[in-house]
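# Report on the structure
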Amino acid sequence: EAVVTNEFWYGDGPPTLGKSFTAAKTAERHADVVDLLQRAAETTEKAGDRKLSRVLWDLADKIYYCRPRARCGSLACPKCGRAFQRAKTAAQQTVILDLQKNRARKHLVFVSIIPKGMTYPPGSFSRIDIIKANRWLKDTLKPVGKRPILGSVDFGWESRRGGNYLQLHWHLAFWTSNPDNLEVKLKSLFQ
């Protein structure tokens, strides 16, 4: 709510996400995504899958009507996804600078955790339990010790292993005095 009600995150101020992620380029992607969803809805309806067609039309409408003072908040929306990313980037930069003051002798390391078992077939996105997945991650990371961890969950659309699927994964930042030891611990926890 703090992001979707604040138009600052939808503009081009700092933090920037690079030349490919300006507000103008995101508006172009927004139009492309809506067009893609509408064409997919028409195709699935012609193929006889009215249920999937309705879902695609609903998502296309939700994203299409994303406007100032009426943001949709969907991560499928390029405008809202970018706004969330900018807010997340700003928050993480602030926290990292603040934590760095008390951790002068520690290294900030970045880690991606991709659990092979957390894959989901097309059409199952709404049934993914993020709270349960985050709890699993937190419980699995307990042996690494108490330390500040920054990061976020993410999804990737993968076309491997004979099919298409969503791959749940995390991008994390850890403070550590011994990166090699942390790597050994993480590898032992995440085969």
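Structure's up top.
Scope of this entry: the structure provided in the associated data block.

Conventions and cut-offs
- Within each chain, residues carry numbers counting from 1 in the order of the written sequence.
- Given that this is a predicted model, residues contribute local features only at a pLDDT of at least 70 and side-chain atom pairs are listed and counted only at 80 or more, while totals for whole chains, interfaces and linings are drawn from all residues.
- The basis for every side-chain value is the complete set of non-hydrogen atoms in the structure, without hydrogens or water.
- Axis lines are fitted through C-alpha atoms, for helices just across the contact stretch, and the angle between N-to-C directions can take any value from 0 to 180 degrees.
- Helix and strand definitions follow DSSP, with helices as H or I runs of at least four residues and strands as E runs of at least two, each counted in order from the N terminus.
- In what follows, roughly perpendicular refers to angles from 65 to 115 degrees, roughly parallel to angles under 35, roughly antiparallel to angles over 145, and oblique to any angle outside these ranges.
- Take the far helix as your reference; a near helix turned counterclockwise from it by less than a right angle gives a left-handed crossing, and one turned clockwise gives a right-handed crossing.
- Here, residues are in contact when the closest pair of their heavy atoms is within 4.5 Å.
- Note on residue classes: Ala, Val, Leu, Ile, Met, Phe, Trp, Tyr, Cys and Pro are nonpolar, Asp, Glu, Lys and Arg are charged, and everything else, Gly too, is polar.
- With a 1.4 Å probe rolled over the protein chains alone, any residue whose accessible area is under 20% of its type maximum counts as buried; one over 50% counts as exposed, and the rest are partly exposed.
- Buried and open spaces are told apart on a 1 Å grid over the protein atoms alone, a cavity being a set of points where a 1.4 Å probe fits but cannot get out and a pocket being an open set with protein on both sides within 12 Å along at least five of seven lines. Residues with an atom within 4 Å of a point are the lining residues.
- Grid points are joined across faces, edges and corners, and a volume is the space filled by probe spheres set on the points.

### Observations regarding the packing of helix α1 (residues 23–46) against helix α2 (residues 50–64)
Close contact between α1 and α2 brings their axes to 8 Å; oriented N to C, the two are set at 160°. In terms of axis orientation, α1 runs roughly antiparallel to α2. Of the two possible hands of crossing, α1 and α2 adopt the one that is left-handed. Listed contacts from α2 to His 30, Val 33, Val 34, Leu 37, Gln 38, Ala 40, Ala 41, Glu 42, Thr 44 and Glu 45 of α1 are Arg 50, Leu 52, Ser 53, Leu 56, Trp 57, Leu 59, Ala 60, Ile 63 and Tyr 64. Grouping the amino acids of the contact of α1 with α2 by side-chain chemistry returns 12 nonpolar, 4 polar and 3 charged.

### A short note on the environment of Arg 160
Secondary-structure assignment places Arg 160 in strand β3 (residues 149–160). Look at Arg 160 and you get partly exposed, because its relative accessible area is 48%. Taking the C-alpha atoms as reference points, Arg 160 and Ala 24, separated by 136 residues in sequence, lie 33 Å from one another.

### A word on the layout of surface pockets
The computed volume of the largest pocket comes to approximately 1,500 Å³. Lining the largest pocket are 38 residues, and of these Ser 74, Leu 75, Ala 76, Cys 77 and Phe 125 sit closest to its centre. When residues of the lining of the largest pocket are traced back to their parent elements, those giving at least two are α1, α2, α3 (78–100), β3 and β4 (163–176). With 7 residues, the top contributor of residues to the lining of the largest pocket is α3. A per-class count over the lining of the largest pocket returns 24 nonpolar, 9 polar and 5 charged.

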